[in-house]
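Coordinate inspection notes
In case you want the letters, here they are:
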Amino acid sequence: MKNQSVTNNIDWISIIIYASLVILGWLNIYSSSLSSMEDTYEKQLIFIVLTIPLIFVVLSVDGKFYEKYASIIFGISLLTLAGLFLFGKTIAGQRCWYAIGSFTIQPSEFAKAATALALAKYLSDTQINLKDVARQWQALAIIILPVLLILPQPDPGSALIYSIFIIVLYREGLPSWYVWTGFVTVFLFVLTLVLEPQYVILIGLAVIIIVHFKSRLADRNIVLSSILFVLISGFVFSVDYVFDNVFKQHHRDRFNILLGKTVDMKGIGYNTNQSEIAIGSGGWFGKGFLEGTQTKGGFVPEQHTDYIFTTVGEEWGFVGSLTVIALFAGLLLRIIYLAERQKTKFSRVYGYCVAGILFMHFFVNIAMVVGIFPTIGVPLPFFSYGGSGLWGFTILLFIFIKMDANKVNEW
């Protein structure tokens, strides 16, 4: 049977949403850059122009290439991350970039697509069953390896994004207790920072007792319940040590401000405070393009990168912010819809990885900007300034668009 042309099967809805986000992102970078007299908007325009041939390259490669060479691509990605410890350039205390003259590139932005390909490749093997503990840990190792190379840079924001892959594994058969353990761990950690450890332990004991007696008689296991209580108690008592000795001071400060333990509007809390002022001042319809007083005054640090959404909120208001959020939601739903229509497990799993990565970036960035999540350095896809981020997200998305277009030739 003759292969059908994939050109006619390109999902133009995804491409139109992508282009809309990139254009809106550049307009907001332009606005936020004027106050600092920097040429970031000119550089971002160059990055956008260079993205066009990059898209054509990604779409011109045979769809099976990404599956066939997923492991090699992942291996090369790990090498580029490891190479940073020897050849990386340190900027603002982070050794995350390779420098080629005045040009820098951040390999962690491309590692997300490589990890998604590797995970999809592993899970698409017909012999893989995530009910098998050995297979579970092999899949988790694919996620953990890049994280171990990214955390010491240090880049906790990029490392955090990889946690979304657990949801993808759950979608493909990972036991639900992994997901619940993650949620409970985070909840207990935050709760212990708010309350005294003994109160958290009492709450944990009460929940265990209720669950124990609500269970069927045949399912009750006093030994298991006791072990669970010991584990929770040990974890709760370790939180203060981890918080004081593992977290860096600026991380502790950001958590304390978020939890209301510290008020520091001129120091570590300055970014978040100015961000909230900028977004709140936008009202329903905003102050107008290039008319944001907080933006023009340069009051929000890093506004063209991690805090770019503050420009949207101030100049375009609630309606403009809602429009941007709707575009992201539309793209995510479209990717999930297309993922479910894939004929191969490899393409489906990769599609869910793409949706997960974009969602985590979108959610964490917006939550960070409005002050309900600690400042951690996570860019807004297609909006935040940076060539590596734009190209990394573009490659991530258009590999999937290529896979979707190629499904007409799948059996």
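Use the structure listed above.
All values reported here derive from a predicted model rather than from experimental measurement. (Residues numbered from 1 in each chain as written. Predicted model: local features only at pLDDT ≥ 70, side-chain atom pairs only at ≥ 80, totals over all residues. Heavy atoms only, no water.)

Some remarks on the packing of helix 5 (residues 108–123) against helix 17 (residues 387–405)
To be explicit about the condition: For helices, the axis comes from a line fit to the C-alpha atoms of the stretch in contact; other axes are also lines fit to C-alpha atoms, and the angle between any two N-to-C directions lies between 0 and 180 degrees. Strands here are runs of E lasting at least two residues and helices are runs of H or I lasting at least four, both read from the DSSP assignment and numbered beginning at the N terminus. Should an angle lie under 35 degrees it is considered roughly parallel, over 145 roughly antiparallel, and from 65 to 115 roughly perpendicular; all remaining angles are considered oblique. Whether two residues are in contact is decided by their heavy atoms: any pair within 4.5 Å suffices. The nonpolar class holds Ala, Val, Leu, Ile, Met, Phe, Trp, Tyr, Cys and Pro. Asp, Glu, Lys and Arg form the charged class, and all remaining residues, Gly among them, are polar.
Relative orientation of the contacting elements helix 5 and helix 17 amounts to 25 degrees, with a least axis distance of 7 Å. It follows from the interaxial angle that helix 5 and helix 17 lie roughly parallel. Here Glu109, Phe110, Ala113 and Leu117 of helix 5 lie close against helix 17, whose contacting residues are Ser388, Gly389, Trp391, Gly392, Phe393, Ile395, Leu396, Ile399 and Met403. Across the contact of helix 5 with helix 17, the residue classes tally to nine nonpolar, three polar and one charged.

Considerations on the sheet that holds strand 2 (residues 94–100)
Strand pairing within a sheet occurs via backbone hydrogen bonds; the two strands may be parallel or antiparallel. This is how the line gets drawn: Strands pair, by our definition, only if DSSP identifies at least two bridges between them.
Pairing in this open sheet of three strands is antiparallel, and the strands run 1-2-3 from one edge to the other. The two strands at the open ends of the sheet, each matched to only one other strand, are strand 1 (89–91) and strand 3 (103–105). Mean inter-strand twist for the sheet, computed between neighbouring axes without regard to direction, equals 55 degrees. Strand direction decides the pairing type here: strand 2 and strand 3, joined by three bridges, are antiparallel. Pairing of tyrosine 98 across the sheet is with isoleucine 105, part of strand 3.

Details of a nonpolar patch on the surface
Rules: In this scheme, patches are assembled from residues that exceed 30% relative accessible area and form no salt bridge. Like charges are connected within 9 Å, while nonpolar side chains (Val, Leu, Ile, Met, Phe, Trp, Tyr) are connected within 5 Å. Reported accessibility uses the Shrake-Rupley method at a 1.4 Å probe radius. Residues are deemed covered only where the shown protein chains occlude them. Any carboxyl oxygen of Asp or Glu that lies within 4 Å of a side-chain nitrogen of Lys or Arg is treated as forming a salt bridge with it. Buried, partly exposed and exposed residues are distinguished by accessible area as a fraction of the type maximum, computed with a 1.4 Å probe on protein chains only: under 20%, between the cut-offs, and over 50%, respectively.
Taken together, the side chains of Val186, Val190, Val194, Leu195, Tyr199, Leu202, Ile203, Leu205, Val207, Ile209, Val211 and Phe213 present a nonpolar region at the surface, about 1,000 Å² in accessible area. Elements with a minimum of two residues in the nonpolar patch: helix 9 (176–194) and helix 10 (197–214). Ranked by the residues each element gives to the nonpolar patch, the list is headed by helix 10, at eight residues. On the secondary structure map, valine 194 appears in helix 9. Valine 194 sits in the partly exposed class, given a relative accessible area of 49%.

A look at the nonpolar core
For the record, the criterion: For our purposes a nonpolar core is just a set of buried Ala, Val, Leu, Ile, Met, Phe, Trp, Tyr and Cys residues, chained together by side-chain atoms within 4.5 Å.
Judged by nonpolar contacts, the single largest core of 87 residues is most densely connected at Leu119, Leu169, Tyr350, Leu358, Phe382 and Phe398. It is helix 16 (residues 345–369) that provides the largest number of residues to this core, a total of 15 residues. What leucine 119 contacts, discounting residues up to four positions off in sequence, is Ala139, Ile142, Ile143, Phe165, Leu169 and Cys353. Within the second largest apolar cluster, seven residues are counted, among which are Leu191, Val200, Ile208 and Ile232.

As for helix 6 (residues 133–150)
The condition that has to hold: Expected span of a helix, by definition, is 1.5 Å for each gap between consecutive residues, and there is one gap fewer than residues. Bend, at a single residue, is the angle you get between axes fitted to the 7 residues ending at that residue and the 7 residues starting at it. Identification of polar contacts relies on pairs of N or O atoms within 3.5 Å, with a donor-acceptor requirement for protein atoms, meaning one able to donate a hydrogen and the other able to accept it, and with residues adjacent in sequence counted only if both atoms are side-chain atoms.
The terminal C-alpha atoms of helix 6, which comprises 18 residues, lie 26 Å apart, in line with the 26 Å expected from a rise of 1.5 Å per residue. Along its length, helix 6 reaches its greatest deviation from straightness, about 30 degrees, at isoleucine 142, and the proline proline 146 lies no more than four positions downstream. In this structure, the buried residues of helix 6 make contact with helix 4 (70–87), helix 5, helix 7 (156–161), helix 8 (165–171) and helix 9. Sitting at the amino-terminal end of helix 6 is aspartate 132, which places a side-chain oxygen 3.1 Å from the backbone nitrogen of alanine 134.

Focus: unusual backbone geometry
Working note: non-glycine residues mostly have negative phi, and peptide bonds are mostly trans. Positive phi values are uncommon outside glycine, yet leucine 290 reaches one of about 70 degrees. One can find leucine 290 in the loop between helix 13 (270–281) and helix 14 (293–296). Its identity is not glycine, yet phenylalanine 382 carries a phi of approximately 70 degrees, on the positive side. Counting through the fold element by element, phenylalanine 382 comes out in the loop between helix 16 and helix 17.

Regarding the pairing of strand 2
Here strand 1 runs beside strand 2; their pairing, made up of three bridges, is antiparallel. For threonine 90, the partnering residue across the bridge sits in strand 2 and is arginine 95. Taking the residues that link successive antiparallel strands as the turn, the strand 2-strand 3 hairpin has two residues, and the phi of glycine 101 there is positive, at about 70 degrees.

Focus on the layout of surface pockets
Cut-off, in case you're wondering: Detection works on a 1 Å grid of protein atoms alone, calling trapped sets that fit a 1.4 Å probe cavities and calling open sets with protein on both sides within 12 Å along at least five of seven lines pockets, with lining residues defined by an atom within 4 Å of a point. Grid points are joined across faces, edges and corners, and a volume is the space filled by probe spheres set on the points.
Here the largest pocket is characterised by a volume of approximately 2,000 Å³. Around the largest pocket, the lining is made up of 44 residues, and of these Ala159, Leu160, Ser163, Gly182 and Val186 lie nearest the centre. Counting residues per element, the ones that place at least two in the lining of the largest pocket are helix 6, helix 7, helix 8, helix 9, helix 11 (222–245), helix 12 (249–258) and helix 16. The greatest single-element share of the lining of the largest pocket, amounting to nine residues, is contributed by helix 9. A per-class count over the lining of the largest pocket returns 36 nonpolar, six polar and two charged.

Side note on the packing of aromatic side chains
The relative placement of two aromatic rings is captured by the distance of their centres and the angle of their planes. Just so we agree on the cut-off: Only Phe, Tyr and Trp rings take part, Trp by its six-membered ring, and two of them pair if their centres are within 6.5 Å. Stacked means planes under 30 degrees apart, edge-to-face means over 60, and tilted covers everything else.
Considering all chains together, one arrives at 20 aromatic pairs under this definition. Ring centres of phenylalanine 65 and tyrosine 66 lie 5.7 Å apart, and the angle between their planes is 85 degrees; on these two criteria the pair is classed as edge-to-face. Using a relative accessible area of 6% as the deciding quantity, one classes tyrosine 66 as buried. Relative to tryptophan 391, the ring of phenylalanine 103 lies with its centre 6.0 Å away and its plane at 35 degrees, an arrangement referred to as tilted.

Describing the packing of helix 5 against helix 6
For the pair helix 5 and helix 6, interaxial distance at closest approach is 11 Å and the crossing angle is 170 degrees. Classed by the angle they form, the pair helix 5 and helix 6 counts as roughly antiparallel. Of the residues in helix 6, those touching helix 5 at Ser108, Thr115, Ala118, Leu119 and Tyr122 are Arg135, Gln138, Ala139, Ile142, Ile143, Pro146 and Ile150. In terms of residue class, the contact of helix 5 with helix 6 is made up of eight nonpolar, three polar and one charged.

A short note on the pattern of salt bridges
Taken as a whole and judged by the stated rule, the model has seven salt bridges. As a salt-bridge pair, arginine 348 and glutamate 172 come within 2.8 Å of each other at their nearest N and O atoms. With arginine 348 in helix 16 and glutamate 172 in the loop between helix 8 and helix 9, this residue pair connects regions lying 176 residues apart in the sequence. A single burial state applies to arginine 348 and to glutamate 172, both of which are buried. For glutamate 314, the salt bridge is made with lysine 287, and the minimal N-O distance between the two is 3.1 Å. Taken together, the residues span a long stretch of sequence, with glutamate 314 in helix 15 (residues 309–340) and lysine 287 in the loop between helix 13 and helix 14 at a distance of 27 residues.

Any link to function would need more than the numbers given here.
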